[in-house]
Structures are given as structure tokens and as C-alpha cells.
Amino acid sequence: MNFKRYTADLTITNYKFGERPDVTIPDREFYKVMGEEGIRKLVTRHYDLLRVSEISHLFPANDEIFEIAKNNSADFMVQICGGPDYYNQHRGRPMLANRHAGSHITPEGRLVWLNCYKQALAELSIPRPLIVSFWNYLNVFSNWMVNSPE
Ligand code: HEM
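Because the structure is a prediction, the values reported are computed rather than measured.

Attention now goes to the packing of helix 6 (residues 107-122) against helix 7 (residues 128-145). Across the interface, helix 6 lies against helix 7 with an axial gap of 10 Å and an inter-helix angle of 165°. It follows that helix 6 is roughly antiparallel to helix 7 by the angle criterion. As helix 6 runs across helix 7, the sense of the crossing is right-handed. Between helix 6 and helix 7, the residues in contact are R110, W113, L114, Y117 and L121 and I131, W135, L138, N139, S142, N143 and M145, respectively. Per-class residue counts for the contact of helix 6 with helix 7 are 8 nonpolar, 3 polar and 1 charged.

This is how it looks when you write it as C-alpha cells:
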């Protein structure tokens, strides 16, 4: 598979530090096609890529704690895509910018995080517009988590 060809329409916007652009949640069709299990697999792939990335130090080193972190993220992604509200049930209101405040997240860290998703999404065989819809959500909302200029 030609990685570039399959990710050419997944662009990363260079927002200003502190900017919180309006978020559009992913198309409900993405959830219908992926299903809960598909989204959990996608998050697993993303976390496995994060673990060997330049921002691996931000994530728990301990395997069991890493699994819990991955599961919390998967619960959120299932919920935001239109599935059951597991995240609210287990963790309460997302308030994700607040929850990320304890991690040192720079614009470069955001790029790494997004590029790990780009790779994970390139491996899916679902209709392109659905991938783009999910990507657009991540591209915008990820800027909310950036809390350190460098
Ligand atoms: C900008 C890039 C991002 C970085 C570098 C990042 C990094 C992190 C880190 C370090 C954690 C804590 C892991 C732990 O120790 O438990 C975390 C948790 C989490 N992240 Fe992100 N994140 C980013 C963007 C996002 C985005 C865009 C979303 C949602 C669309 C998201 C959703 C979550 C969720 C749901 C959790 C679990 C929060 C909890 O503890 O309940 N993250 N992230």
C-alpha cells in the first residue's frame, strides 16, 4: 500500500497556540461501518504506535496501566462516534482539555499524535469520506489539548 497516496487528503492544520477551533463530531456513518469493535481496534493500533513514537514518554510505561489508558481512550472514541456512553459511565464528563493539562503537550507532540492516527487510519478499508470525517474531528480537536508552546 502506498502510504502517501492513502493519506494525501488527511491534512494537519497549523493552528495558533491556544486556539480552540469549533469541533464537528465524526459522521455517524463512521460508527455504523466501524462498529464498536472496529473503533477499539483502531484505538489499540493508535496506542501501539504512540508507544514507539517520540511522545511515548507521555504515556504509562507499565503495561497494565497503559492498557487502562488505552481503554479510557477507546471508551471515549466509541462514545463520540455515536456508540454507548461508556466514557461518561466510567470517567464522568470528558473535559478532555482539563484531563490533558497534566501532560506536556506541544504543537510537535500534537503532530506526532496525529501522524500515529494517520498511519492507523491508512490501514482501514472503509469508504474514504468516513475516514476523512473522523480525521477532520481529530485534526481540529487535537489543538484543544496543546498546552505548552514548546
Ligand atoms: C494533541 C495530541 C494528544 C496527546 C499528545 C495526548 C496525550 C494523552 C495522554 C498523555 C493521556 C494520558 C494517558 C494516561 O496516562 O492515562 C491522554 C489521555 C486521553 N486522551 Fe489524549 N492526547 C492528545 C489528543 C487527544 C484527543 C484529540 C483526544 C480525543 C479526541 C484525546 C482523548 C484522550 C482520552 C479520552 C484520554 C483518557 C482520559 C482519561 O483519563 O479518562 N486525546 N492523552
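From this point on, the discussion continues.
The terminal C-alpha atoms of helix 7 lie 26 Å apart, and with 18 residues this matches the ideal 26 Å at 1.5 Å per residue to within 8%. Listing the buried residues of helix 7 in full gives L130, I131, F134, W135, L138, N139, S142 and N143. The secondary structure elements touched by the buried residues of helix 7 are helix 2 (28-51) and helix 6.

We now examine the site of the ligand. The immediate surroundings of the ligand are formed by 22 residues, with L58, A69, F76, R110 and W113 found nearest. For the shell around the ligand, the secondary structure elements donating two or more residues are helix 3 (63-80), helix 5 (96-100), helix 6 and helix 7. In the shell around the ligand, the residues fall into 13 nonpolar, 6 polar and 3 charged.

So, on to helix 6. Across its 16 residues, helix 6 extends 22 Å between first and last C-alpha, which sits within 8% of the 22 Å expected from 1.5 Å per residue. Residues of helix 6 that are buried: G109, R110, W113, C116, Y117, K118 and L121.

Conventions we followed
- Residues numbered from 1 in each chain as written.
- Predicted model: local features only at pLDDT ≥ 70, side-chain atom pairs only at ≥ 80, totals over all residues.
- Axes fitted to C-alpha atoms, helices over the stretch in contact; angles between N-to-C directions.
- Helix = DSSP H or I, 4+ residues; strand = E, 2+ residues; numbered from the N terminus.
- Parallel < 35°, antiparallel > 145°, perpendicular 65-115°, else oblique.
- Left-handed = near helix turned anticlockwise from the far one by under 90°.
- Contact = placed C-beta atoms within 7 Å.
- Nonpolar A, V, L, I, M, F, W, Y, C, P; charged D, E, K, R; others polar.
- Expected span 1.5 Å × (residues − 1).
- Buried ≥ 20, exposed ≤ 12 C-beta atoms within 10 Å, placed from the backbone.
- Near = placed C-beta within 6 Å.

All we've got here are geometric facts, nothing functional implied.
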